[in-house]
Amino acid sequence: MASKSGALSVLKIRKMKELGEKIAVVTAYDYPTAAMADAAGVDAILVGDSFATVVQGRTTTLGAKLEETIYHAEMVARGAKRAVPIVDIPFPYCQLGPLEAVRACARVLKETDATAVKIEGGAKRAETVRAVVEAGIPVLGHCGLAPQSVKATGYRVQRDVDVLLANCLAIEEAGAFAVVLECVQREYAEEVSKKLSIPTIGIGSGAGCDGQVLVFHDLFNYANQEPSETPKHARVYRDLHKEIVEGLGEYVADVKSGAFPGDAESFGAK
Ligand code: KIV
């Protein structure tokens, strides 16, 4: 399909690093959120497998399914007019090796209007990243904390700069157009960002990255009960939980008291 006019491309995202322009990325899982992110000037929209936690209420991302990913990606790609829609490939397609990974990534690109995929994991995923790139599918890498390996590694800040650099270089060499750095000690994320020619997109990895990504639900306290439950790396820009619960409370009170609906919200003789 022809690219939408005015739309960003992965090449432009890559170029932003050379120009010293920071890259703003947010997750989205449906059409209205993607359209709002696009209208706000976000550069790329990630259909994260985080939908398994923030939308489905699971405790890890491991339960995300490929069919569900495609369902969310279709809606997001429709809302992304300028921003680059990128789709996280859920566990375990890329862990199964290059062939399964190419099959899953190709399905995502055939069945949605997404532009690129995200593949989690460092050097041990390099062969898979290379195969997907060679199939003509742009890949965003993902190094540092790997939520798809949480049962083996736990959620820990990544503090081994040599391992991190080796992983990122392997992914860059395999052809990724950019790489997410998740929960990396900020000095090391900055050092790695300077050594890579592709952009780094940080989450919990400090200001030295070439761009930032946040989960929409963290930005707006949409899933959490209290802002204090927001992950350390996120900033709550608006408290939608509070706004929505208060608004719904008013609606309930109005229904109970008879204040809703009024004549203005009802159909009369004319
Ligand atoms: O699934 C997701 O939302 C992600 C981001 C946190 C980078 O992988």
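Our structure is the block above this text.
Please read all numbers here as calculations on a predicted model, not as lab measurements.

### Focus: the site of the ligand
Thr27, Leu46, Gly48, Asp49, Ser50, Asp88, Lys118, His142, Ile203 and Val215 make up every residue found near the ligand. Contacts to the ligand include aspartate 49, whose side-chain N or O atom sits 2.9 Å from an oxygen atom. One of the side-chain N or O atoms of aspartate 88 is found 3.1 Å from an oxygen atom in the ligand. Contact with the protein chains hides 94% of the accessible area of the ligand, taken as 260 Å² for the molecule alone. Split by residue class, the shell around the ligand holds three nonpolar, four polar and three charged.

### Overview of the pattern of salt bridges
Taken as a whole, this structure holds 13 salt bridges when the rule is applied. Across the pair arginine 107 and glutamate 67 runs a salt bridge whose closest N-O atoms are separated by 3.1 Å. Of this pair, arginine 107 sits in helix 5 (residues 98-111) while glutamate 67 sits in helix 4 (residues 66-79); the two residues are 40 residues apart in sequence, bridging distant segments of the chain. Since its relative accessible area comes to 46%, glutamate 67 is described here as partly exposed. Linking lysine 194 and glutamate 190 is a salt bridge whose minimum nitrogen-to-oxygen distance equals 3.3 Å. With lysine 194 and glutamate 190 both in helix 9 (residues 186-195) and four residues apart, this pair spans about one turn of that helix. Salt bridges sharing common partners tie together Glu67, Arg107 and Glu111.

### A look at the packing of aromatic side chains
Each aromatic ring pair is described using two quantities: the centre-to-centre distance and the angle formed by the ring planes. Applying the stated criterion across every chain yields a total of three aromatic pairs. Between phenylalanine 216 and tyrosine 222 the ring centres are 6.4 Å apart and the planes differ by 80 degrees, which places this aromatic pair in the edge-to-face class. Tyrosine 222 sits in the partly exposed class, given a relative accessible area of 41%. Both rings, one in tyrosine 251 and one in phenylalanine 260, keep their centres 5.9 Å apart while their planes meet at 65 degrees; by these two values the pair is edge-to-face. Judged by relative accessible area, which is 46%, tyrosine 251 ranks as partly exposed. The exposure class of phenylalanine 260 is partly exposed, given its relative accessible area of 35%. Here the aromatic cluster, defined as three or more aromatic residues joined through ring pairs, consists of Phe216, Phe220 and Tyr222.

Each value, and the rule that gives it
- Residues numbered from 1 in each chain as written.
- Predicted model: local features only at pLDDT ≥ 70, side-chain atom pairs only at ≥ 80, totals over all residues.
- Heavy atoms only, no water.
- Near = heavy atom within 4 Å.
- Polar contact = N/O pair within 3.5 Å; in protein donor to acceptor, adjacent residues only side chain to side chain.
- Areas by Shrake-Rupley, 256 points an atom, 1.4 Å probe, with all protein chains shown as cover.
- Nonpolar A, V, L, I, M, F, W, Y, C, P; charged D, E, K, R; others polar.
- Salt bridge = Lys/Arg side-chain N within 4 Å of Asp/Glu carboxyl O.
- Helix = DSSP H or I, 4+ residues; strand = E, 2+ residues; numbered from the N terminus.
- Buried < 20%, exposed > 50% of the residue type's maximum accessible area, 1.4 Å probe, protein only.
- Phe/Tyr/Trp six-rings, centres within 6.5 Å; stacked < 30°, edge-to-face > 60°.

All we've got here are geometric facts, nothing functional implied.
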